[in-house]
Amino acid sequence: MENAVYQYIVKRLFLMIPTLIGAAILVFFLLRLIPGDICELRMAGTGGYFDKEALAICQTELGLDQSIMVQFADFVWGFITFDLGNSMWTGQPIAEEISLRFHLSLQVAIMATLTAIFIAIPLGTISAIKQDTWIDYLVRAFSIAGIAMPSFWLGILIILGLLIGTQAYSGIPWMPPIQFVPIWEDPVHNISQLIWPAVATGYRYSAVATRMTRSTLLEVLREDYVRTARAKGLLEKVIINRHALKNAMLPVVTIFGIEFAFLMGGLVVTEQVFNLNGLGKLFVESVGNHDFTMTQALVMLVVTIFVFTNFIVDIFYAWLDPRIRYN
Amino acid sequence: MDARSESQSITGVELEEPAKSQSWLISVLDLTRRQPLGAAGAIIVIGMIFMAIFADFLAPFDPVVNNFEMMHVAPSAEHWFGTDQFGRDVLSRIIFGARTAMLVGFVSAFIGATLGLVLGVASAYFGGVFDLIFQRIMDVFMAFPLIIMALAVVSIFGTGVENLIIAITIPFVPRCARVVRSSALAIREIPYVDAARALGYSHRRIILRHMVPNVMAPYLIMITAFVGQAILLEASLTFLGLGVQEPTPAWGLMLQGGAEEYAESAPWMAIFPGLAISLAVFGFNLFGDALRDVLDPKLRAQ
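It should be emphasised that the depicted structure is a prediction, and the values quoted were computed from it without experimental measurement.

As for the overall build of chain A
Phase 1 of the analysis: What chain A contains, in helices and strands, is 14 helices and zero strands.
Phase 2 of the analysis: Starting at the N terminus, the α and β elements of chain A follow one another as α-α-α-α-α-α-α-α-α-α-α-α-α-α.
Phase 3 of the analysis: Its C-alpha atoms put chain A at 85 × 65 × 35 Å along the principal axes.
Phase 4 of the analysis: Nonlocal contacts in chain A, meaning residues at least 24 apart in sequence, comprise 74% of its contacts between residues at least 6 apart.

Considerations on unusual backbone geometry
Residues and elements named next belong to chain A.
Phase 1 of the analysis: Of note, the phi angle at D132 is positive, near 65 degrees, even though the residue is not glycine.
Phase 2 of the analysis: Its 9 C-beta neighbours within 10 Å are what place D132 among the exposed residues.
Phase 3 of the analysis: With a phi close to 60 degrees, H290 is a non-glycine residue in the positive phi region.
Phase 4 of the analysis: One can find H290 in the loop between α12 (279-288) and α13 (292-320).

Re the interface of chain B and chain A
Phase 1 of the analysis: Contacts between the two partners involve 39 residues from chain B and, on the opposite side, 41 residues from chain A.
Phase 2 of the analysis: Contributions of two or more residues to the side of chain B that touches chain A are made by α1 (3-10), α6 (128-143), α7 (146-157), α11 (216-239) and α13 (268-295) of chain B.
Phase 3 of the analysis: It is α13 of chain B that provides the largest number of residues to the side of chain B that touches chain A, a total of eight residues.
Phase 4 of the analysis: Residues belonging to the side of chain B that touches chain A are distributed by class as follows: 27 nonpolar, six polar and six charged.

Here we look at the nonpolar core
All names here are of chain B.
Phase 1 of the analysis: Grouped together as the largest cluster of nonpolar side chains are 169 residues, with contacts concentrated most on V121 and A150.
Phase 2 of the analysis: Sorting elements by how many residues they give to this core places helix α5 (residues 90-126) first, with 17 residues.
Phase 3 of the analysis: Sequence-distant contacts of A150, defined by excluding residues within four places in its chain, comprise A167, L237 and L242.

What about the packing of helix α9 (residues 191-198) of chain B against helix α10 (residues 203-211) of chain B?
Residue and element names in this part refer to chain B.
Phase 1 of the analysis: Between α9 and α10, whose axes approach to 11 Å, the crossing angle comes to 145 degrees. Considering only the axes of α9 and α10, their crossing is right-handed. Residues Y192, V193, A196 and R197 of α9 lie in contact with α10, whose contacting residues are I206, H210 and M211.
Phase 2 of the analysis: Classifying every residue of the contact of α9 with α10 gives five nonpolar, one polar and one charged.

Description of the environment of S206 of chain A
All names here are of chain A.
Phase 1 of the analysis: Relative to the elements of secondary structure, S206 occurs in helix α8 (residues 187-221).
Phase 2 of the analysis: For the pair S206 and I117, spaced 89 residues apart in sequence, the C-alpha to C-alpha distance is 6.6 Å.
Phase 3 of the analysis: With near-sequence residues (within four places) excluded, S206 lies in contact with T115, A116, I119, A120 and G146.

Some thoughts on α6 of chain B
Phase 1 of the analysis: The end-to-end C-alpha separation of α6 of chain B is 23 Å, in line with the 22 Å expected for 16 residues at 1.5 Å each.
Phase 2 of the analysis: Among all positions of α6 of chain B, only M138, D139, V140, F141, M142 and A143 of chain B are buried.

Side note on the environment of Y225 of chain A
Phase 1 of the analysis: With respect to the secondary-structure elements, Y225 of chain A resides in helix α9 (residues 224-231).
Phase 2 of the analysis: Taking the C-alpha atoms as reference points, Y225 of chain A and I9 of chain A, 216 residues apart in sequence, are found 31 Å from one another.

Conventions used here
- Residues numbered from 1 in each chain as written.
- Chains lettered and ligands numbered in written order.
- Predicted model: local features only at pLDDT ≥ 70, side-chain atom pairs only at ≥ 80, totals over all residues.
- Helix = DSSP H or I, 4+ residues; strand = E, 2+ residues; numbered from the N terminus.
- Contact = placed C-beta atoms within 7 Å.
- Buried ≥ 20, exposed ≤ 12 C-beta atoms within 10 Å, placed from the backbone.
- Nonpolar A, V, L, I, M, F, W, Y, C, P; charged D, E, K, R; others polar.
- Core = buried A, V, L, I, M, F, W, Y, C linked by C-beta atoms within 7 Å.
- Axes fitted to C-alpha atoms, helices over the stretch in contact; angles between N-to-C directions.
- Left-handed = near helix turned anticlockwise from the far one by under 90°.
- Expected span 1.5 Å × (residues − 1).

Now the structure itself:
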C-alpha cells in the first residue's frame with residue numbers, strides 16, 4: 001500500500017521531466033526565431049550610431065557569438081543548478097529582478113483563488129440542491145456571465161466604479177495605489193492595491209469552479225449511499241456536508257489547482273489594466289527587448305509552477321482515491 | 001481546464017439515432033422547452049452571425065471614418081452607443097467588430113479542434129511509443145504560457161488577423177486532442193475496430209471512417225466551447241496590442257484605444273464593447289452547455 005503510493009509519486013515525478021525539457025527547447029528556439037537583436041536594440045537606445053566592432057563586443061559579452069548548442073547547454077545547465085544568471089538587458093541578476101514582481105503576481109493569484117473558493121463552493125452547492133429552480137438558473141447565469149466577461153473589461157469597470165463611487169461619496173476620486181508594497185510592510189496599502197485585480201480575475205475563476213461543484217455534486221447526490229443516508233432519516237444538512245460535499249470536492253480541487261497554475265501565466269492582461277508591475281508586464285517587456293535569458297527564466301518559472309501544481313493535484317487525487325494509483 | 005473531468009464523462013459516448021418520424025419543427029420546439037438556456041444561447045449565436053454577415057446593411061455609420069466634429073458624443077437618438085475619441089460611431093464599430101470576432105472565433109476553433117481530433121484519434125489508435133511521445137508533446141503545449149506563445153507568434157510573423165488566428169489555434173490543439181483521445185481509447189476497445197483491421201483496411205481508413213465519426217460528440221462540444229474562448233482570447237490579445245490593428249473594427253481594440261483614458265468622461269466607450277464581448281461569449285457558452293447535455297447522456301437530467 002505505502003509502496004504503491006511511493007511508486008506512483010516517483011513515476012509521476014519522472015513524467016515531469018519531458019515536459020520541462022520540451023518547454024525549454026520550445027522557448028529557446030522560439031525566441032531565436034524572432035527577428036532583431038538585443039545588442040542593436042541596446043545601442044539604438046543609447047545613441048543611434050553604432051559600429052560593427054562595438055556590436056561584436058556586446059555579443060561576445062552576452063555570449064551570443066557562441067554556437068546555438070553551447071547557448072542551449074548553458075541555459076539548461078543554469079536551470080538545473082538553479083542559477084538563473086543575469087538579465088541580458090539590465091545586466092542585473094534575474095533572481096533579484098524577478099523577486100518583488102513574483103511576490104506581487106503570486107499574491108494576486110492566491111487572493112484570486114481565495115475569492116474564487118468563497119464564491120464557488122457555496123453557490124455551486126446551492127445550485128445543485130435547488131436544481132432546475134429559479135435559484136439554480138440565477139447561479140448558472142451568474143457563473144456563465146463570469147466566464148463570458150473578459151477580466152480586463154471587468155477590471156476597467158471596477159476602476160470606473162471606484163472613481164465614480166468615491167467621487168459621489170466624498171467628492172474626491174480615489175484610485176488604488178500604484179506602488180507595490182509587500183504585505184508585511186503595509187498591509188492596508190498592499191490589500192487596497194491588490195484586492196481589485198484579485199476580484200476581477202477571481203470572479204472569472206469562480207465561474208468555472210461553480211459549474212464544476214454543481215455538476216459533481218449532482219452526480220454524487222444520485223449515488224446509492226446518499227439515498228441510504230436519506231432513508232436513515234439523516235438531516236439534509238448532514239447529508240450534504242458530511243456525505244455528498246466531501247466526495248464531490250475531488251474534481252473541484254483539481255480545477256482550483258489547474259486554474260491556479262494558469263493564473264500565474266495569465267495575469268498579463270489584468271496587470272496591464274491595473275497598472276501592476278508584476279511578472280506579466282516583465283514577460284512582455286523582456287520579449288520586446290530580446291532579453292533571452294530573462295524570458296527563458298520566466299517561461300521556465302511559469303512552466304515549473306504549472307507542472308508542479310499538476311503534480312500535487314495528481315498526488316492529492318491518488319491519496320484520496322486509491323483506485324488511481326494502481327492504474 | 002476541465003478537460004480532465006470532461007474526458008471522464010465523455011468516455012464511451014454513443015450517439016443516439018434521432019427519431020426519423022419526429023418532424024423538424026417539433027423537435028426544435030421540444031428542445032427549446034427542455035433547454036431554455038440553450039435556446040437563448042442559440043438565439044444570441046444566430047444574432048451574432050447575422051450581425052457579422054450583414055454588417056454593411058445594419059451599421060448606421062461607416063466604422064472607420066473619423067469625424068472630429070462629433071468626438072465623445074454621449075449616446076443619443078443618432079448615435080445609440082455614442083461616439084469615440086475620433087468621432088466614430090460606437091454601435092457601427094461593434095456591429096463590424098462582430099465580423100472580426102466571428103471570423104477569428106470560428107476559424108481558430110474549427111482548425112484547432114479538427115487538428116486535435118485527428119491527432120487525438122491517431123494517438124489513441126496507434127498507442128505505444130507514438131502515443132507516449134505525442135502525449136508528452138501535448139503536455140508541453142498545455143504547460144506553455146499562452147501569452148508567451150502569442151507574443152512569439154506575433155513577434156516572428158507580425159500582427160494581423162491571420163497571425164492572431166495562428167496564435168489562438170495553437171493552444172486549442174492539445175486541449176481537444178486530450179479529450180478526444182480518451183474517448184477514442186474507449187472506442188478502440190470495441191470489436192468493430194479489430195474487425196476492420198482483420199478485413200485489411202488501411203490505418204487511415206479505420207481512423208477517418210470508423211473512429212472519427214464516433215468521437216463527434218466531444219468534438220462538437222469542444223468546438224462550441226472554443227469559439228467562445230477564441231473570441232475572449234482575440235479580445236485580450238488585441239487589447240494587449242498583439243492582435244487586430246487600427247483602424248479595423250474589433251471589440252478588444254475599442255477597449256484599448258482610449259477607453260480607459262476617457263472612462264470617466266465617456267464611459268460608453270468602455271461599457272458597450274465589453275458588453276458585446278460578454279454577450280457573444282455568453283451565447284456560445286449557453287449553446288455549448290445545452291449541446292453537451294443533449295449529446296452526453298450521462299449528464300442528462302433524469
